[in-house]
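Each chain, written out:
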Amino acid sequence: MKKTLLVLIVLMAAVAVAQAQVIQMKLGHFAAESHPGNLASKMFAEAVEKRTDGKIKIAIYPNNALGSPPEVLEQNILGAVDMSLPTQGQLGKYSKKFNCVMLPFLYENYAHADRVLDGPFIQWAAPDLDKAGLVFLSNWEWGFRNLTNSKRPVTKPEDVKGLKIRTPPELPTQAAMEALGAVVATISFGELQMALKQGVVDGQENPIAVIYANKLYETQKYLTLTGHNYNTMVHVISKKVWDKLTPDQQKIVKEESVKAGNFMRKTVRDGEAREIEELKKLGVEVVAPDKAPFKKLMGQAYDRMKAVADEENINAFVKMVDAAK
C-alpha cells in the first residue's frame, strides 16, 4: 500500500513538472476567422508546438476576441497577452517611426513595400519596440487599402467629396480620406457592418481580403481600387515572454513567424484578383482609377502626418522608399 502510494506521488510529481515546463501563450488579433491572418496564426501555432515537442502551446484569439486592437497591443506590452498582430498604425503610439509606413500613395507595388519594410525600415524602428517591451518577429500582411461606398462610383477625387467614410482611429487613413474631401467617422470595426447597414456612414476603406472575408459587399455597391495606404500585420511578442524562452525556442518562434507571414502574404496577394472577380459577380461595381490625381491632393495629409511622425522621420523614411524603387 505504501509502495503504491509512493509510486502515485512520484507520478503526480512528474506530471506536475512536465506541465510546468509547458509554456502556454495567447495570440490575439483582429482578423476574421476566415481571413488569411487567422489561417496564418493557426499555421504558426501548430508548427511551433510540433517543433518544440509540445513545450510551447499557443491559443489563438481572432476577431478582436480579447478586445480592440489598441487594447490587445497594450495587454501585449503589459504581458497579459503574449503575442499580437498590430498594424504599424497601432504601433505608432509607441514609436513615431511606425506612423511613417502608412503615408498615402507611397509604394509602387507589394514587392516595393516588402523591400522597405523587411529591410532598412525594421532595422531603424525595431529598437523602439524593444524600449516599449516588445520584440519584432516578422511582417505578415494586411494590404493596400481601397475605398468602398454605397452612394456612387468613385472615378476621380471629386467623387469622394461629401461621402461619410469610416476609417480606423489612425491619422494616415483619416488624413488621406479628408484630403479627398470625405467626412471621416472613426467607428470600431466590430460596429462597422451595422453602421453601414443603418447608413450611419456611406462607406469605408480596407484591403480587398477584408472587404471580401467580412462580407462588406452586402452594403457596399461601389469599390474603387485606390490603394491609398499600405500596411501589414506586425507579429510581435512580449519581451517578458521572449526572455523566458531558450535560444532554441526563440529561433523556432522567429522562423515559424517568418514562414507564417510569407504564407499570409502569398495567400492575400494571390487571392486579390479572384476576390475582385467574385465581388463583381456579387454585384459590386469595381473601378480602377488613375491614381495620379488622388496622389496630387495628399500634400495636406503629409503635412498633418508631421504631428505624429515628425518631419525628420518622414524625410528619412521617404528616402528609404525612394532607394528601394
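Check the entry above for the structure.
These numbers were taken from a predicted model, which means no experiment stands behind them.

1. Things to note about the packing of helix α6 (residues 171–179) against helix α12 (residues 299–309)
1) Next: α12 packs onto α6 with a crossing angle of 155 degrees between their chain directions and a minimal axis gap of 9 Å. Relative to α12, the element α6 is oriented roughly antiparallel. Considering how the two elements wind past one another, α6 and α12 form a crossing that is right-handed. Across the interface between the two elements, Leu-171, Pro-172, Gln-174, Ala-175, Ala-176, Glu-178 and Ala-179 from α6 touch Gln-300, Ala-301, Arg-304, Met-305 and Val-308 from α12.
2) Next: Split by residue class, the contact of α6 with α12 holds 8 nonpolar, 2 polar and 2 charged.

2. Looking at the pattern of salt bridges
1) Next: By the definition in use, this model includes 22 salt bridges.
2) Next: With its nearest N and O atoms 2.5 Å apart, the salt bridge here joins Lys-266 to Asp-270. Of the two residues, Lys-266 and Asp-270 both sit in helix α10 (residues 247–281), 4 residues apart, roughly one turn of that helix.
3) Next: A residue is classified by how much of its surface remains accessible, and Lys-266, at 54% relative accessible area, is exposed.
4) Next: In this structure, Glu-278 engages Lys-281 in a salt bridge whose closest nitrogen and oxygen atoms are separated by 3.9 Å.

3. Focus: α12
1) Next: Of the positions making up α12, those classed as buried are Ala-301, Met-305 and Ala-309. All buried residues of α12 project into a common sector of 65 degrees when viewed along the axis, lining one side.
2) Next: Buried residues belonging to α12 abut α6 and α13 (311–323).
3) Next: Downstream of α12 by one or two residues, Asp-310 has phi in the positive range, about 75 degrees.

4. A few points about the packing of aromatic side chains
1) Next: Summed over all chains, the structure comprises 10 aromatic pairs.
2) Next: Between Phe-121 and Phe-317 the ring centres are 5.6 Å apart and the planes differ by 80 degrees, which places this aromatic pair in the edge-to-face class. Taken as a pair, Phe-121 in helix α5 (residues 110–132) and Phe-317 in helix α13 lie far apart in primary sequence, 196 residues in all.
3) Next: According to the relative accessible area criterion, Phe-317 is buried, its value standing at 0%.
4) Next: Considering the side-chain rings of Phe-144 and Tyr-230, the 4.7 Å spacing of their centres and the 45 degrees angle between planes classify their relative orientation as tilted. You can see Phe-144 sitting in strand β5 (residues 143–144) and its partner Tyr-230 sitting in strand β11 (residues 230–231), a full 86 residues away along the chain. The same class applies to Phe-144 as to Tyr-230, namely buried.
5) Next: Put simply, the rings of Phe-98, Phe-121, Trp-124 and Phe-317 pair up and form one aromatic cluster.

5. Quick look at the sheet that holds strand β12 (residues 234–238)
1) Next: Across the sheet, 5 strands lie side by side as β2-β1-β3-β12-β4; this open sheet has mixed pairing. Looking along the sheet, the strands with just one partner apiece sit at the ends: β2 (56–61) and β4 (134–139).
2) Next: Strand direction decides the pairing type here: strand β1 (residues 23–28) and strand β3 (residues 83–84), joined by 2 bridges, are parallel. Looking at β3, one finds that Leu-27 is bridged to Met-83.
3) Next: In the packing of α5 onto the sheet, the strands contacted are β4 and β12, and the crossing angle to β4 comes to about 155 degrees.

6. Section: the pairing of strand β8 (residues 183–186)
Looking along a regular strand, one sees the side chains alternate between the two faces of the sheet.
1) Next: Two elements, strand β7 (residues 164–167) and β8, share 4 bridges in a ladder whose sense is parallel. Of the residues in β8, the one forming a bridge with Arg-166 is Ala-185.
2) Next: Tracing the backbone out of β7, into α6 and back to the parallel element β8 gives a crossover that is right-handed.

About the criteria used
Residues numbered from 1 in each chain as written. Predicted model: local features only at pLDDT ≥ 70, side-chain atom pairs only at ≥ 80, totals over all residues. Heavy atoms only, no water. Axes fitted to C-alpha atoms, helices over the stretch in contact; angles between N-to-C directions. Helix = DSSP H or I, 4+ residues; strand = E, 2+ residues; numbered from the N terminus. Parallel < 35°, antiparallel > 145°, perpendicular 65-115°, else oblique. Left-handed = near helix turned anticlockwise from the far one by under 90°. Contact = heavy atoms within 4.5 Å. Nonpolar A, V, L, I, M, F, W, Y, C, P; charged D, E, K, R; others polar. Salt bridge = Lys/Arg side-chain N within 4 Å of Asp/Glu carboxyl O. Buried < 20%, exposed > 50% of the residue type's maximum accessible area, 1.4 Å probe, protein only. Arc of directions from axis to C-beta. Phe/Tyr/Trp six-rings, centres within 6.5 Å; stacked < 30°, edge-to-face > 60°. Pairing = 2+ DSSP bridges. Right-handed = clockwise from strand over helix to strand, strands pointing away.

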